[in-house]
Number of protein chains: 2
Amino acid sequence: MDHALPHSGHQEIGLLDGLATTRAIRRYTDAEVTDEQLNQVLFAASRAPSGSNRQLFRFIVLRDDDASKPARELLAQGARKIWGAKKTADKYDRTSSTESGALSPKARMAATMEHYVDNFAAAPVIILPCLIRHRDPTPTEGASVYPAVQNLLLAARAIGLGGALTSMHLPVEAELRELLGIPDEVLLAATMTLGQPQGSHGPVRRQPLSHFVFESTWGAQPAWVEDPPGTTFTQAGPPTTN
Amino acid sequence: MDHALPHSGHQEIGLLDGLATTRAIRRYTDAEVTDEQLNQVLFAASRAPSGSNRQLFRFIVLRDDDASKPARELLAQGARKIWGAKKTADKYDRTSSTESGALSPKARMAATMEHYVDNFAAAPVIILPCLIRHRDPTPTEGASVYPAVQNLLLAARAIGLGGALTSMHLPVEAELRELLGIPDEVLLAATMTLGQPQGSHGPVRRQPLSHFVFESTWGAQPAWVEDPPGTTFTQAGPPTTN
């Protein structure tokens, strides 16, 4: 296509396949994310819709350099606090391996999160998506920034990268805003990490589609809802099996 | 791929191309959106990330049937109110054709919006994405529903449909919630229309990428930011040329 983004020699994944196989990637290799890759994901992000097409989303990119070090270290503190609280609240700290010696889903997730948080300050790229507010906050203002965030994650998938969408800035937000000079009227919408995946993407699992879809009125399940053949499911929220 | 969604005989568009060419589609043919198509877009929507993978997004589907008529008519009222106010505020009502007789971008947008609003109640499908709140509202809660909304729009693009993301429910939200039995703790996140496009998708235009990207600190433009060759641009917000 004339209007395609520049490719990088990848066999490009199809759009539907990409949507069904983009999942949170929290372990990265040491490979640098290149200027070209950053341009690709940021370009895709900025193609997203926003209210009245105002395009008030912005992206602060923290590369792995000295200039970004203080912000990265603050965010790593935030990550430790959030994971620490979650570990206790969701009882991750009581996970153990199964009798066979294999890790349970919950123990695997705990190990992934420990690794993620321990290495947060060294993530290949950290991106802080923001929204410049043009009016007082509203409950639906996220419609003008999170579509762009999702485009960014999907574009990363397309070019062989992977990312995770987090709120690790929340415990350190005031200091981070001051450090980075983020104006008061700007919503700091998320903290994203990005890099070359260790391991691979794969089918995203969710609850059965019938959990999500109502017809004509709240709570009314339509007869036509059906997951694609072969879909496997997972529960909502943190794993419960220890 | 094993894990692909079922296809429909389309030559599937690539992921990056899809991200760069999914734009708001506001004119639809009379073609019905089939059960299979609805399942495809809703499945893709539900693969999106959400906070702690809680999967609290829900989708109320209003098909073009008697059961949905009262809700559709309410939403059409909302659409007329929103467009009426916008037309005045953004001076769409003073647009005129250019000397050559061709419509200006602003006049074209006004004509599209008039048509959209006049036909709102008859959109092939209207979808109301919602978020069940598990805690008090937060400014970042949209991270758990708008990625799913964007996935839905992208999946529509993939299977030859098109959609638009709006907030047409806002002026009639209280009545609509009562009519549809939407619980108080649920965020009604958007109003989406969906159908077979009249006309076609194409490259999405935005401001130059340098408007959106900062490095290391708010407002600092990195040297490496570059739009793909051949990119054409547009301003932010409603067109200004009459």
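Residues numbered from 1 in each chain as written. Chains lettered and ligands numbered in written order. Predicted model: local features only at pLDDT ≥ 70, side-chain atom pairs only at ≥ 80, totals over all residues.

Time to look at the pairing of strand 2 (residues 125–132) of chain B. Residue and element names in this part refer to chain B. Of all 8 residues in strand 2, 7 are buried; the element is thus mostly enclosed. Sheet analysis places strand 1 (residues 57–63) next to strand 2, joined by 7 bridges and oriented antiparallel. Among the inter-strand pairings, phenylalanine 57 is bridged to a residue of strand 2, identified as leucine 131. Bridge analysis of strand 2 against strand 5 (residues 191–195) gives 3 bridges, and the strand direction is antiparallel. Residue pairing across strands places isoleucine 126 opposite threonine 193, the latter belonging to strand 5. As judged from the 3 bridges shared by strand 2 and strand 4 (residues 186–188), these two strands associate in the antiparallel manner. Each residue of the ladder has a partner; that of isoleucine 132, found in strand 4, is valine 186. (Buried ≥ 20, exposed ≤ 12 C-beta atoms within 10 Å, placed from the backbone. Helix = DSSP H or I, 4+ residues; strand = E, 2+ residues; numbered from the N terminus. Pairing = 2+ DSSP bridges.)

Time to look at helix 2 (residues 35–46) of chain A. With 12 residues, helix 2 of chain A ought to run about 16 Å at 1.5 Å a step, and its terminal C-alpha atoms sit 16 Å apart, in line with that. Of all 12 residues making up helix 2 of chain A, 9 are buried, and the element is well covered by its neighbours. Buried within helix 2 of chain A are the following residues: Gln37(A), Leu38(A), Gln40(A), Val41(A), Leu42(A), Phe43(A), Ala44(A), Ala45(A) and Ser46(A). Tucked into the core, helix 2 of chain A has its buried residues touching strand 1 (57–63), strand 2 (125–132) and helix 5 (146–158) of chain A together with helix 1 (15–21) and strand 6 (213–215) of chain B. (Expected span 1.5 Å × (residues − 1). Contact = placed C-beta atoms within 7 Å.)

As a packed pair, helix 5 of chain A and helix 5 (residues 146–158) of chain B sit with axes 8 Å apart at the nearest point and diverge in direction by 65°. When the axes of helix 5 of chain A and helix 5 of chain B are compared, the pair comes out roughly perpendicular. As helix 5 of chain A runs across helix 5 of chain B, the sense of the crossing is right-handed. Contact with helix 5 of chain A, carried on its side by Tyr146(A), Pro147(A), Val149(A), Gln150(A) and Asn151(A), involves Tyr146(B), Pro147(B), Val149(B), Gln150(B) and Asn151(B) of helix 5 of chain B and no other residues of that element. For the contact of helix 5 of chain A with helix 5 of chain B, a count of residues per class yields 6 nonpolar, 4 polar and no charged. (Axes fitted to C-alpha atoms, helices over the stretch in contact; angles between N-to-C directions. Parallel < 35°, antiparallel > 145°, perpendicular 65-115°, else oblique. Left-handed = near helix turned anticlockwise from the far one by under 90°. Nonpolar A, V, L, I, M, F, W, Y, C, P; charged D, E, K, R; others polar.)

By themselves, these observations are geometric and do not establish any function.
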